Amino acid sequence: MGYICSVAASALTAILILCPSFSSADQVSEQIAALLGKGLDSSDTLPDSKSLDAAVLVPRFYEERDFTPAWTRDELVDELFTELDGAVDQGFRPDDFELEELRVAFNATKGGNAYDQAVFDIIATDAAVKLVHHLVFGKVDPNALDDDWNFSKPVIQKDPAVVLSQFLQGDGFSALIERIDIDNAQYEMLVEALSKYKAIAMQGGWAIVPDEKVLKPGMVDPAVAKLRERLRAEGYDGANEVSELSQGSSNPAWVYDDSLLQQVRTFQNRHGLEADGVIGGKTFTSLNKPVEDRVNKLRLSLERGRWLMRELNDDFVLVNIAGARTYLVKSDGTLWTTRSITGSAYRKTPVFRDEIEYMEFNPTWTVPASIFRKDKLSRIRKDPAYLARNNYVVRNKDGQTIPVNAVNWAAKNPGVTLVQQPGPNNALGLVKFMFPNKYAVYLHDTNDRSLFDRNERNLSSGCVRLEYPFEFASLLMEGEPGWNRKKMQSILDSGKTTRVNLPKPMPVLLTYWTAWVEDGVVHFREDPYERDARILAALDR
């Protein structure tokens with residue numbers, strides 16, 4: 001934060017104008033070659049405090065250009081510092097690019113010494129290479145943290161050393177950054193949100209709300225004043241208003257009035273809490289998280305965005321596992337969303353990318369072996385009528401349907417498969433959305449809609465249940481000749497399992513964000529799969 005420069009571009013140009021004459025380009029080139037161990041005299045080395053993260057690419061960059069210095073134009077240096085400051089705005093740390101050391105090295109070039117100019121040029125290139133890499137791929141390698149990660153990295157068609165050199169000699173460094181910037185509304189809104197919460201941190205954060213007693217609407221308590229102060233610091237409108245009914249009290253700010261109640265409910269909604277205005281354990285926990293926690297959640301979401309927000313089609317589906325919400329983003333800018341139910345901490349929904357190929361109406365459900373062993377077998381042993389009542393058939397290893405009483409249910413492994421037939425009681429509901437994958441995960445309807453009213457909805461065995469699946473189906477088929485709600489209803493009424501192919505495959509991203517922006521406001525969630533700490537440690541390394 002302290003390194004974000006308030007006068008970067010204009011000040012740097014002024015400094016350069018005041019600089020003494022630089023050494024000749026040939027002298028600087030010789031020094032660059034020597035510092036990289038490529039010159040006739042390689043006794044010179046970079047200062048002890050300097051090391052190259054791009055230790056392969058930087059020497060190759062200079063070899064491609066015969067060790068000619070790259071950062072000799074005033075506007076290029078301005079652009080470099082501007083873009084590095086911009087990277088800090090996107091959640092990177094100044095230390096990721098050794099930004100302060102780079103400024104010191106730049107100031108040293110004012111003496112006109114060829115060695116100092118060469119040092120600055122090399123570490124400036126190193127910082128530029130790191131910035132390009134981090135923006136394109138992310139700083140953290142998700143493959144190193146999750147064996148199941150299957151998002152492919154962007155394909156670089158050209159030699160990065162050549163591309164960087166071409167831009168520095170041509171349109172400039174900012175033009176290169178503009179070329180690789182992520183063009184995604186969610187990413188841009190996250191950057192804006194990060195700026196807001198960093199500003200709050202710079203102002204000292206927010207007050208701790210005393211949690212000795214549960215706070216309820218209508219109460220009069222000194223802790224209510226702290227609650228007002230806390231919400232006001234985060235920008236909740238009206239948190240400091242005191243209603244007329246409060247004026248008669250010894251301190252109006254102590255009264256938990258209707259105006260404050262609305263702000264608390266808004267806070268609870270944005271944090272996935274029961275929006276009843278009662279401040280108990282979970283609401284206190286969210287209120288009293290330090291602002292730095294919110295800053296880091298936004299940084300994590302930006303890093304996750306860099307992993308997957310490239311090469312997206314204009315239309316795509318995004319499932320936020322942590323937030324238990326599903327979105328359909330359309331090319332015309334419209335955004336459709338529905339509450340979802342995602343995998344529990346014990347049966348996690350995997351993070352991956354695929355394409356929805358078809359829908360299946362009136363589906364059957366083949367019970368996975370793990371669910372059969374952990375859930376179904378004990379129920380069948382206790383209640384022999386369970387299978388008939390829930391419309392299951394039993395199949396042997398050859399796929400043949402066999403009588404229920406032909407199975408030894410007391411055996412540790414009865415060696416059979418359960419298949420639930422289509423109908424309103426089917427666990428998948430009346431439609432599922434298929435993108436065949438090794439995890440056997442898909443989106444689907446449900447026969448238990450009451451669970452959508454819960455605030456914490458990480459409840460499934462890995463698949464994703466949708467609150468409004470038929471709206472989703474209509475949107476996926478929008479514009480397809482002969483398809484309408486009447487057609488869909490006739491298929492449902494038939495009771496027959498029916499496959500309907502999508503006009504074209506729809507990309508689907510199963511992601512994990514504990515902070516995101518929706519309807520212009522920031523939402524935060526706790527970390528149900530306990531993934532944030534590990535990624536944050538890598539991001540801060």
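These numbers come from a predicted model, not from an experiment.

## Notes on the pattern of salt bridges
Where charged atoms of side chains with opposite charge meet at close range, the side chains can pair. One pass over the full model with this rule turns up 26 salt bridges. Between Asp293 and Arg294 there is a salt bridge, with its nearest N and O atoms 2.9 Å apart. When its relative accessible area of 0% is taken as the criterion, Arg294 is described as buried. The partner of Asp453 in a salt bridge is Arg339, with the nearest N and O atoms 3.5 Å apart. Taken together, the residues Asp453 in the loop between strand E10 (443-444) and strand E11 (458-460) and Arg339 in strand E3 (residues 335-343) connect sequence positions 114 residues apart. It is possible to trace a salt-bridge network through shared partners that takes in Arg93, Asp96 and Lys139.

## Digging into the packing of helix H5 (residues 99-108) against helix H6 (residues 114-137)
One way to put it is that H5 packs onto H6 with a least axis distance of 8 Å and a crossing angle of 150°. Taken together, the axes of H5 and H6 are roughly antiparallel relative to one another. As H5 packs across H6, the resulting crossing turns out to be left-handed. Of the residues in H6, those touching H5 at Glu101, Leu102, Ala105, Phe106 and Ala108 are Asp116, Phe120, Ile123, Ala124 and Ala127.

## Considering unusual backbone geometry
Even without glycine at this site, Glu98 takes up a positive phi of about 50°. Tracing the backbone through its elements, the reader meets Glu98 in the loop between helix H4 (74-89) and H5. Phi angles above zero are rare outside glycine, and Asn391 is one such case at about 65°. Inspection of the secondary structure puts Asn391 in the loop between helix H16 (386-389) and strand E6 (392-395). What makes Asn391 partly exposed here is its relative accessible area of 37%.

## Focus on empty space enclosed by the protein
Following the criterion strictly, the structure yields two cavities of 30 Å³ or more and no others. Of the voids in this model, the second largest cavity is the one considered here, and its volume is about 40 Å³. What lines the second largest cavity is simply Ser51, Phe97, Glu98, Leu102, Ile123, Asp126, Ala127 and Lys130. Sort the elements by how many residues they give to the lining of the second largest cavity and H6 lands first, with four residues. Of the residues belonging to the lining of the second largest cavity, the class tally is four nonpolar, one polar and three charged.

## What to know about the pairing of E6
Only one face of E6 is buried, namely the one carrying Tyr392 and Val394, since none of Val393 and Arg395 on the opposite face is buried. In terms of strand pairing, E6 meets strand E7 (residues 401-402) through two bridges, oriented antiparallel. The partner of Arg395 across the bridge, within E7, is Thr401. Between E6 and E7, which pair antiparallel one after the other, the connecting turn spans five residues, and Gly399 there sits at a positive phi close to 85°.

## A look at the confidence of the model for the protein chain
For the protein chain, mean pLDDT is 89; residues scoring 70 or higher make up 90% of the total. Here residues 1-21 is modelled with pLDDT under 50, and outside its nearest four sequence neighbours on either side it reaches 31 contacts, counting other chains as well.

## A word on a negative patch on the surface
On the surface, Glu178, Asp181, Asp183, Glu188 and Glu192 cluster together into a patch of negative charge. Relative to the assigned elements, Glu178 resides in helix H9 (residues 173-180). According to the relative accessible area criterion, Glu178 is exposed, its value standing at 62%.

Cut-offs used in this document
- Residues numbered from 1 in each chain as written.
- Predicted model: local features only at pLDDT ≥ 70, side-chain atom pairs only at ≥ 80, totals over all residues.
- Heavy atoms only, no water.
- Salt bridge = Lys/Arg side-chain N within 4 Å of Asp/Glu carboxyl O.
- Buried < 20%, exposed > 50% of the residue type's maximum accessible area, 1.4 Å probe, protein only.
- Helix = DSSP H or I, 4+ residues; strand = E, 2+ residues; numbered from the N terminus.
- Axes fitted to C-alpha atoms, helices over the stretch in contact; angles between N-to-C directions.
- Parallel < 35°, antiparallel > 145°, perpendicular 65-115°, else oblique.
- Left-handed = near helix turned anticlockwise from the far one by under 90°.
- Contact = heavy atoms within 4.5 Å.
- 1 Å grid on protein atoms, 1.4 Å probe; cavity = no way out; pocket = protein on both sides within 12 Å on 5 of 7 lines; lining within 4 Å.
- Points joined across faces, edges and corners; volume = space filled by probe spheres on them.
- Nonpolar A, V, L, I, M, F, W, Y, C, P; charged D, E, K, R; others polar.
- Pairing = 2+ DSSP bridges.
- pLDDT = per-residue confidence, 0-100.
- Patch = residues over 30% accessible without salt bridge, like charges linked within 9 Å, V, L, I, M, F, W, Y side chains within 5 Å.
- Areas by Shrake-Rupley, 256 points an atom, 1.4 Å probe, with all protein chains shown as cover.
- Lys, Arg positive; Asp, Glu negative; His and termini not counted.
- Charge placed at Lys NZ, Arg CZ, Asp CG, Glu CD.

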